[in-house]
Structure formats: structure tokens, C-alpha cells
Amino acid sequence: MTPATTPAPVQPPRGPDPLRELQVRRLRELIVLLLVCFGLFALVNLPVANTPVLLTTGAAMAVLGIALQLLRRGRFEASLLTVLWTLTVACTAVIWMRSGLRDLMVLTYPAIILLAAMTVSPRPLMALLATMLVSLGLLFWGELAGWYQPEVQELGYGSYLNRALLLVLVAVIARTIANDLGDAIRRAEAERERAKDSASRLAFLVQHDALTGLPNRLLVQDRFAQAVARARRDGTPLALLVVDLDDFRRVNDSLGHGVGDAVLQRMAERLRVLAADTDTVGRLGADEFVVVSTELPDVDALAGFAQGLLDGLAEPFERDGLSITCRSSIGIAQFPRDGDAFEALLNRAEAAMARAKAEGRNAYRFADPDVDIDVGEHLRLVSELRAAIERGELELHYQPIVRLASGEVGGVEALVRWRHPERGLVPPAAFVPLAERSGLIHALGAWALEEAARQVRRWEARGLPPLTVSVNVSPLQLAQGALDAVVARVLAATALPPRQLLLELTESSLVGDAVPLRDCIARLQAMGVGLSIDDFGTGYSNLGYLQRFDVQALKIDQRFVRGLADGPQGEAIVRAIAHLAEGLGIRSVAEGIEQEDEVQRLAALGCEAGQGRWWSEPLPGPAFVHWYQERERGRVAPRRAAPA
Ligand code: C2E
Ligand code: MG
Ligand code: MG
């Protein structure tokens, strides 16, 4: 018997209800089982010829027949109650007619209560229980008071058969109930799983775009809120890029919505691939996508990423034998510079995207027009610089390095310049940082090394002694770990002896303890190339690197030379550096010497060599030859030398 919940009022049939069908079937089986049991009970009790008991059994069977009829007519609840009351009344009657409290039929009471508890509502259950308690109470009182005399049953086969019959009946009913209960629990479990599946499917549908499977505005907004919290907490970067396909309407109109949908799906896929794993790519509307970027630290990186998206999205693809190309326009808004709320940033990014469309499409624009100008200028400069390197517009100028004591020229420092067709001679401060940011520094650095080495060889060919040339090396060149290969190639190509090459490194290049850096420097030193520390004392204050690397010279930054004018303190710094160099057994070279008294004081403080306008500005290669030869001939003394 399937456990019933509170019996619902009889409902008009609404198609087959599997649960109700099972309940009806079970009740029918129960009635038939009871009829059989009552029949057997009558048979077993026939020999005893207890007429009232037999009559009661017959009456009970007749009422069970009525319950069966009720069930056939669809009156399940009425039929069930009829069965329960028939059992209770019949068993009670038999108990009264036979041995009272000691009658085995008392055992039917718990079975009936169990059945009722599983199938009917509390009220009929209570009524049945009350009937049984009252009956048992009366039997007890009757016997005590003496007005009820129970029959003493003889022991015979009948007593055994009656008990066996009762046990089997209870076992069958209990087993059936347990089975049905198990089924019901399994069904409920399956139902719960199905409900859970549909709930998660629903959650996905609520937060994603059905066509592309990308997060929709709701989810993008949620992820954006998380990214803002992280940006505020950890200072991570955050930007919103709105990507809108150019001319998408034309695709839809001319090729149909099927192709339009395919284009959107393809673009969504590409955006997902092009964006970082930690970015959120979403679809905002028809042909508008959004990327929440959390890894790109500055406008250069964002510009590079946006250009990558434009290029990646514009790759043609095949569909139904057609080659389709779909370009797009992008607007970029940065947190917190352009706003800190989702809507505000989105509006700014959309406005920037509209500007990109208005200005010719297939482009990106920043929300802040100043950034646009900066980025535009930056990109223009980078491409100009790249062309300048290729076209040979870069030059090296050479500044002599002079021994303070003897006035002898021992070497030169090579300093790069850009001979710009419109802007004239551009100093390195204006383009070396640009070269470092754009990666062009590697090409520039390699060129400078080779050009400097060739120049020294050319001077030698013109009769100059073998000078040492110092070449400035960017920390990025060193960090790459392949500088030794570049130097080896240059030395081989120019036949410059390695001892004539000095690499000027900054202190910051050497602080890292990375194995590739150490190995690279070790290989350079094994080749016989020298190292000097540029702008010594202005960078890193931990001098441990001087122990790790075998350095040939310390270059005293020109601010310390200027500082000599400040009196004893300025002098103390220069003296300390000169002594440190002396202690290490290496040279000290002062930079930016402009006056004769600086030369005197530096020499007095123990500084070994110097460079600066006092002797010469950095000069182009041929001009340096001229300067050198004139100086050797003793005709050109230092520029601002005392009157002859
Ligand atoms: P640096 O290596 O410290 O170069 C010395 C700077 O002092 C040079 O500036 C030089 O022109 C300037 N100078 C020379 N004499 C005097 C003087 O008497 N008074 C004053 N006030 N300054 C003087 P420059 O040529 O503009 O170079 C600036 C910096 O650019 C260099 O500083 C160096 O760090 C970098 N640089 C130059 N060429 C290269 C290169 O080929 N590669 C790399 N990575 N950096 C370079
Ligand atoms: Mg230098
Ligand atoms: Mg310097």
C-alpha cells in the first residue's frame, strides 16, 4: 500500500495519475487478500462451529464485497475506510465472542493501526484507535466486574492455523507497504535530481546569451562588480572594451539571418580565444560584445590588445562556400579614470566606439580623447622609429674619455642620436624609453654595438690608436639573456678585440640574481669584454653586485660632479666613489665635466678619468677623428682652456 498524504478531496479525473492507480490496485489486492483470509478463517473455524463467529466472518466478507464495488466506482477513500472499519469491527466482534483480552485476534489491532496510519488522515486513525481502546477497556472492566465471561479456548490445530494465518497476512501487508515506500522514495529522489538539473539549466539561461553561449549583460555586470572589488583591494587593472561589428546589418540583409547568426557565433568564439582566460567576454545586444579586461596594466597594453582583437576578428572565414570578412570597431573605458560604475564605463566605452565608427571604422578609440592622442602619437613614433632603424637614420656620436692625470684619450663613449627628417637631431632621452617599451631596443642595441665596433676599426684604419669604446646597454637587453650572442656576432663581424669593448650597464640591470643574467654576464666576461657601471650611485644602493661581477669601471654620475660646487659634502661623495673604485682595483670615470676646476678637483679626489664638454661634446665619427688629430697635434686645447 502506498502511503497516502492527507487524503485529498475526490478530484475530477484529470488523466491517469500513476500514484492513484497504484493506490487503487493495492487496495483491490488488499480486499481480495482479506476475503481469502476471512474465507480461510471461516474454514479453519468451521470444525469449532462457533456460529456467531462464522456469521461475523460472513458479514465482514459481504461488507468487503461492498468496498470492492466502491473501489470499482472510483470511490477510493470510502472503500479504504470501509475496509479499515470492517476489519476493526469484525475483529472486535470476534474478540468479544471468543476469549476477550486473551484472544489472538487482539493481534490484528496493531496491524490495522499500522495500515491506517500509512493510508488515512489522523482523524479516522484516531477514531479507529479510540474504538479499539474502548473495546479493550470494556473487556478488562467486564472481566474484573464479572459481567463478561470470556470463552476458554481449547488448544487445537485451529488455534495454530489462526495464528499462522494472521502472521502471514501481517507480513504480506507490511512487505507491500515497505516496497511501495521504497519506490516512492526513489521516485522522489529522481524528481529532485530533475528539478535540480532544470534549476541549473534555468540559471544558465538567465545569465547567458542563447545564441552564442556568452555571458549576458546580467552576468557581465556581476563579474565587473567582482573585478572592481579586486581592483580596489589589490590595485589590479580593469578596463571595459565594447566591440561592435561594422556593417553587420548588411550581412543580415544580404545573406540572411542564418548566416548572420553564424557570424555572431564565430565572432563570439574568436573573442573568447583572443581574450585572456581571466577576462569576461559577453554579448550585450545584437552585434555588440563586451570584454572586461583585468590584466592589461596600461594604455599601451590595452591598445595592443584592441588591435589584436580588430585583426583577429577581421580574419575571413568560410560559410556555405562564401568567404565572409567582418570588421569591427572598439571603444575602451578604463577604471577608475573614466568612471567606477558599470553603466558609466559602458556609456563611455560605447561613445568611444561610436567615435571609432564615425572616424572610419575598423579602429579602436579610448574613452578619454587625450589617451587616444597619446596612444596615436606613441604608435606613430614607434613605427617611425622602426623605419628609422631600418633606413639608417640613427647615428652614434662619440664623446672622448680622458685620463685626468695625463690628458691622454683612452676611449670614447658611443651615444645614439636620431637624425629625424623634420625634427632634426633627436636626443636618446626622447626615444630610448620608447624603444624599450615597444621592444625595438633589441634591434637598436644590436645596431649600436655593431656600429660602435666598426667605427673604432675605421678610426684605426685612419691611423688612430686602438681606443676602447663604451656602449650603453639597456637593462632589457641584458634581461633577455642573449646579449652575449649579439656581442660575439659583432666581435666576429668587425674583428674588434674584446678588450676594446666596454658595456655600460646600469646598477638596476645587475641587481637581479636570476640564473640567465649571471650566465650571460659570465659568458661576456669569458669573451674578454669589459663592464662599467653607468650613473653609479644613483640607482640601487646594495653593492653586492660588485662582488658578484668583475666590473672594470664605475662612472660617477654628472650630478655628483655638479655637487662638487656644494662644498665638503659633494666632495665626500666623489671621494668615496673614487676610493671604492681604487679599493676594487678598477677605474673611476666622472661624467659631465664642463669646467677646468672640476677636472682639477676630481683629479685631487682620486678620480682617474672623465668625459664632458670641457673636452668635447659627443661628436659624429669623422668629426671625432678631426678632434683627436687636432688635439694630438697640440693645436686644439680643451674648448674653454685658459687663453693661450
Ligand atoms: P649616459 O650614458 O649617462 O650618457 C651621458 C650623457 O651625458 C649623454 O647624454 C651625454 O651627451 C651627456 N653629456 C656629455 N657631456 C656632458 C656635459 O658636459 N654636461 C652635461 N650636462 N651632459 C653631458 P645623451 O647623449 O643625451 O644620452 C643620455 C642617455 O641616453 C645616456 O646617458 C644613456 O643612458 C642613454 N643612451 C645613449 N645612447 C644609448 C644607446 O646606444 N643605448 C642605450 N640603451 N642607451 C643610450
Ligand atoms: Mg653611458
Ligand atoms: Mg651616465
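Residues numbered from 1 in each chain as written. Chains lettered and ligands numbered in written order. Predicted model: local features only at pLDDT ≥ 70, side-chain atom pairs only at ≥ 80, totals over all residues. Heavy atoms only, no water.

## Focus: the overall build of the protein chain
- Per the secondary structure count, the protein chain includes 23 helices and 17 strands.
- Its C-alpha radius of gyration of 50 Å places the protein chain more than 25% over the 26 Å reference for a compact globule of 644 residues.
- For the protein chain, the spread of C-alpha atoms along the three principal axes comes to 160 × 70 × 45 Å.
- When the 644 residues of the protein chain are sorted by exposure, 45% land in the buried category.
- Of all intrachain contacts in the protein chain linking residues separated by at least 6 positions in sequence, the fraction that spans at least 24 positions is 67%.
- Total accessible area on the protein chain stands at roughly 32200 Å², and carbon and sulfur atoms take up 58% of it.
- In the protein chain, 67 positive and 76 negative side-chain charges are present, and the distance between their average locations comes to 6 Å. (Helix = DSSP H or I, 4+ residues; strand = E, 2+ residues; numbered from the N terminus. Rg over C-alpha atoms; globule rule 2.2 N^0.38 Å. Buried < 20%, exposed > 50% of the residue type's maximum accessible area, 1.4 Å probe, protein only. Contact = heavy atoms within 4.5 Å. Areas by Shrake-Rupley, 256 points an atom, 1.4 Å probe, with all protein chains shown as cover. Lys, Arg positive; Asp, Glu negative; His and termini not counted. Charge placed at Lys NZ, Arg CZ, Asp CG, Glu CD.)

## Quick word on the pairing of strand 12 (residues 501-506)
- In terms of burial, strand 12 is largely enclosed, as five of its six residues are buried.
- Where strand 11 (residues 468-472) lies against strand 12, four bridges are found, and the strand directions are parallel. Following the sheet pairing, Val469 is matched in strand 12 by Leu501.
- Here strand 12 pairs with strand 13 (residues 530-536) via five bridges, running parallel. Counterpart to Leu502 in the pairing with strand 13 is Gly530. (Pairing = 2+ DSSP bridges.)

## Topic: the domain arrangement of the protein chain
- Under the domain assignment used here, the protein chain contains domain 1 (18-193), domain 2 (217-367) and domain 3 (389-632).
- Each of domain 1 and domain 3 has a C-alpha centre, and these two points are 111 Å apart. (Domains from an automatic or database assignment.)

## Thoughts on the site of ligand 1
- Residues in close proximity to ligand 1 total 20 residues, the closest being Gln399, Arg417, Asp534, Gln558 and Glu594.
- In this structure, Glu413 approaches ligand 1 through a side-chain N or O atom, which is 2.9 Å from an oxygen atom.
- Contact between ligand 1 and Asp534: an oxygen atom at 2.8 Å from a side-chain N or O atom of the residue.
- Burial of ligand 1 by the surrounding chains reaches 81%, relative to a free accessible area of 800 Å².
- Among the cavities detected, the one that contains ligand 1 is the largest pocket.
- For the shell around ligand 1, the secondary structure elements donating two or more residues are strand 9 (409-420) and strand 13. (Near = heavy atom within 4 Å. Polar contact = N/O pair within 3.5 Å; in protein donor to acceptor, adjacent residues only side chain to side chain. 1 Å grid on protein atoms, 1.4 Å probe; cavity = no way out; pocket = protein on both sides within 12 Å on 5 of 7 lines; lining within 4 Å. Sits in = over half its atoms within 2 Å of the grid points.)

## Things to note about the confidence of the model for the protein chain
- Averaged over every residue, the pLDDT of the protein chain is 88; the share at 70 or more is 95%.
- Every residue in residues 1-13 scores below 50 in pLDDT, and together they form 25 contacts with partners more than four places removed in sequence or on other chains.
- This model gives residues 640-644 a pLDDT under 50, and the stretch forms four contacts once residues within four places in sequence are excluded. (pLDDT = per-residue confidence, 0-100.)

## Some remarks on the coordination of the magnesium ion (ligand 3)
- Protein-derived coordination of the magnesium ion (ligand 3) comes from Asp534 (OD), Asp535 (OD), Glu591 (OE) and Glu591 (OE), at a distance range of 2.0 to 2.4 Å.
- Read from N- to C-terminus, the donor residues coordinating the magnesium ion (ligand 3) fall into the pattern D-D-x55-E.
- Here the magnesium ion (ligand 2) and the magnesium ion (ligand 3) are spaced 4.1 Å from one another, each receiving a donor from Asp534. Taken together, the positions of Asp535 in strand 13 and Glu591 in the loop between strand 15 (587-590) and helix 22 (596-604) put the pair 56 residues apart, joining distant regions of the chain. (Donors = N, O, S within 2.8 Å, 3.2 Å for Na, K, Ca; no water.)

## Considerations on the coordination of the magnesium ion (ligand 2)
- Around the magnesium ion (ligand 2), the protein contributes the donor atoms Glu413 (OE), Asn472 (OD1), Glu504 (OE) and Asp534 (OD), which lie 2.0 to 2.3 Å from the metal centre.
- Going along the chain, you hit the donors of the magnesium ion (ligand 2) in the pattern E-x58-N-x31-E-x29-D.
- Its relative accessible area of 3% is what places Glu413 among the buried residues.
- Using a relative accessible area of 29% as the deciding quantity, one classes Asn472 as partly exposed.

## Examining helix 9 (residues 257-274)
- End to end, helix 9 covers 25 Å across 18 residues, agreeing with the expected 26 Å (1.5 Å per residue, within 8%).
- If you check which residues of helix 9 are buried, you get Val259, Gly260, Ala262, Val263, Leu264, Met267, Ala268, Arg270 and Leu271. (Expected span 1.5 Å × (residues − 1).)

## Section: the sheet that holds strand 1 (residues 238-245)
- Strand order in the open sheet made by the five strands is 2-3-1-6-7, with mixed pairing throughout. Lying at the two open borders of the sheet, with one neighbouring strand each, are strand 2 (280-285) and strand 7 (364-366). Put simply, the sheet's adjacent strands are angled 20° from each other on average, direction ignored.
- In terms of strand pairing, strand 1 meets strand 3 (residues 288-293) through six bridges, oriented antiparallel. (Axes fitted to C-alpha atoms, helices over the stretch in contact; angles between N-to-C directions.)

## Details of the nonpolar core
- Ranked by size, the top nonpolar core spans 77 residues in total, and within it Leu501 and Leu503 carry the most contacts.
- Sort the elements by how many residues they give to this core and helix 14 (residues 441-461) lands first, with eight residues.
- Leu84, Ile95, Ala116 and Met132 belong to the second-largest nonpolar core, a separate cluster that totals 39 residues. (Core = buried A, V, L, I, M, F, W, Y, C linked by side-chain atoms within 4.5 Å.)

## Quick word on empty space enclosed by the protein
- As enumerated under the stated definition, the model contains two cavities of 30 Å³ or more in all.
- Here the largest cavity defines a volume of roughly 260 Å³.
- Lining the largest cavity are 18 residues; nearest its centre among them are Leu34, Leu87, Thr108, Leu166 and Leu169.
- Of all the elements in the fold, those that place two or more residues in the lining of the largest cavity are helix 1 (18-45), helix 3 (76-97), helix 4 (108-119) and helix 6 (157-207).
- For the lining of the largest cavity, the element with the highest residue contribution is helix 6, accounting for six residues. (Points joined across faces, edges and corners; volume = space filled by probe spheres on them.)

## Regarding the packing of aromatic side chains
- Taken as a whole and judged by the stated rule, the model has nine aromatic pairs.
- Centroid distance Tyr398 to Trp459: 4.9 Å. Interplanar angle 75°. Geometry classified as edge-to-face. Here Trp459 lies in helix 14 and Tyr398 lies in strand 8 (residues 394-403), a separation of 61 residues in the sequence.
- Using a relative accessible area of 1% as the deciding quantity, one classes Trp459 as buried. (Phe/Tyr/Trp six-rings, centres within 6.5 Å; stacked < 30°, edge-to-face > 60°.)

## Some words on the packing of helix 3 against helix 4
- Here helix 3 crosses helix 4 at 165°, and the two axes come no closer than 10 Å. Taken together, the axes of helix 3 and helix 4 lie roughly antiparallel to each other. As for the relative orientation of helix 3 and helix 4, their crossing is left-handed in sense. Here Leu80, Leu84, Leu87, Thr88, Cys91, Thr92 and Ile95 of helix 3 come into contact with helix 4, specifically with Thr108, Tyr109, Ile112, Leu115, Ala116 and Thr119. (Parallel < 35°, antiparallel > 145°, perpendicular 65-115°, else oblique. Left-handed = near helix turned anticlockwise from the far one by under 90°.)

## Structural notes on unusual backbone geometry
- Cis geometry marks the peptide bond from Phe335 to Pro336, where omega comes out at -5°.
- Mapped onto the fold, Pro336 is located in the loop between strand 6 (328-335) and helix 11 (342-358).
- Not every positive phi belongs to a glycine, and Ala495 is a case in point at roughly 60°.
- Checked against the element boundaries, Ala495 lands in the loop between helix 16 (483-494) and strand 12.
- Backbone geometry at Asp535 places phi at a positive 50°, although glycine is not the residue there.
- For Asp535, a relative accessible area of 27% corresponds to the partly exposed category.

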